Amino acid sequence: MKRYRILSLIFGLLAAAVAALTLWVTFGALDAQPVLVTPPAAAAETADAMLAAVCAGDYEAAAGMMYGTPDLGMDREPTDEVGRILWDACQESFAYELMGECYATDSGIAQDVTVTYLDFSSVTASLGQRAQTLLVERVEAAEDADTIYDENGDYREDFVLEVLREVTMDALREDAKNKEQKLTLNLVHKQNRWWVVMDQALLSAISGGIG
């Protein structure tokens, strides 16, 4: 029974860590009809500044350049160590390049970009097996059972979390791959300025494919 309990705990913690990384976006005020009244260069500058803010981890600034100022959920950043490790890796991996110049669309202006970010699935796919293997190794090598089990004979939470932390770091070193994605950022002109319109493709890129 103990093996089933620990495996359940491992996968539960992993699921919680990944779920905690998901960005929740609230859209609003997206029904207005944009009008092209300023040069495309201003739109390109907005797109560039928004992506630069994402690269810097300044999501408040990035949201401030998105139409409707969506809630990117940064107040729900991971609180556990494994989640923070994964989220930090995602932030560090994000990069972008503007492709060509802005061009007019039926709704405003578009800017093509190429973004690169951590593919979370390349890391999380191996975590369960890695955790199970390391857990067995740690148990067999332990000299003091009190470092493994609590007073009820169950695995100590700090022991399990240390296993998860180590396998997460190992997976990031050995399994992590970046994903390259081409996006079209749509921009609208309202209130005398350009705004980037959040969509699922952009959200997915910002959140490493899990948004």
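See the structure shown above.
Student: A description of the nonpolar core should follow, citing residues and the corresponding values.
Tutor: If you look at the biggest cluster of nonpolar residues, it comprises 51 residues, and the most contacted ones within it are M50, M66, L185 and L202. Other than its neighbours up to four places away in sequence, L185 contacts A47, M50, L51, I109, A110, Q111, V113, V196 and L202.

Student: I'd like a description of the pairing of strand β3 (residues 178-190), backed by residues and values.
Tutor: Where strand β2 (residues 109-118) and β3 come together, 10 bridges link them in antiparallel fashion. Counterpart to T116 in the pairing with β3 is E180. Strand direction decides the pairing type here: β3 and strand β4 (residues 193-196), joined by four bridges, are antiparallel. Along β4, the bridge assignment pairs K190 with R193. Between β3 and β4, which follow one another and run antiparallel, lie two residues, and Q191 among them has a positive phi close to 55°.

Student: Report on the environment of R84, specifying residues and quantitative values.
Tutor: Mapping R84 onto the fold places it in helix α4 (residues 81-93). With relative accessibility at 38%, the residue R84 sits in the partly exposed group. Discounting chain neighbours no more than four positions away, the residues touching R84 are P78 and T79.

Student: How would you sum up the pattern of salt bridges? Please name residues and give values.
Tutor: This model, assessed by the stated rule, comprises six salt bridges. Here E162 ties to R165 by a salt bridge, and the two come within 3.1 Å at their closest N and O atoms. Of this pair, E162 and R165 are both found in helix α7 (residues 157-174), three residues apart, which corresponds to roughly one turn of the helix. For E162, a relative accessible area of 31% translates into the label partly exposed. Close ionic contact of D170 with R173 constitutes a salt bridge, the shortest N to O distance being 2.2 Å. Of this pair, D170 and R173 both sit in helix α7, three residues apart, which is roughly one turn of the helix. Assessed through its relative accessible area of 58%, R173 is described here as exposed. Because the salt bridges share partners, they merge into one network encompassing R130, E174 and D175.

Basis of the calculations
Residues numbered from 1 in each chain as written. Predicted model: local features only at pLDDT ≥ 70, side-chain atom pairs only at ≥ 80, totals over all residues. Heavy atoms only, no water. Core = buried A, V, L, I, M, F, W, Y, C linked by side-chain atoms within 4.5 Å. Buried < 20%, exposed > 50% of the residue type's maximum accessible area, 1.4 Å probe, protein only. Contact = heavy atoms within 4.5 Å. Pairing = 2+ DSSP bridges. Helix = DSSP H or I, 4+ residues; strand = E, 2+ residues; numbered from the N terminus. Salt bridge = Lys/Arg side-chain N within 4 Å of Asp/Glu carboxyl O.

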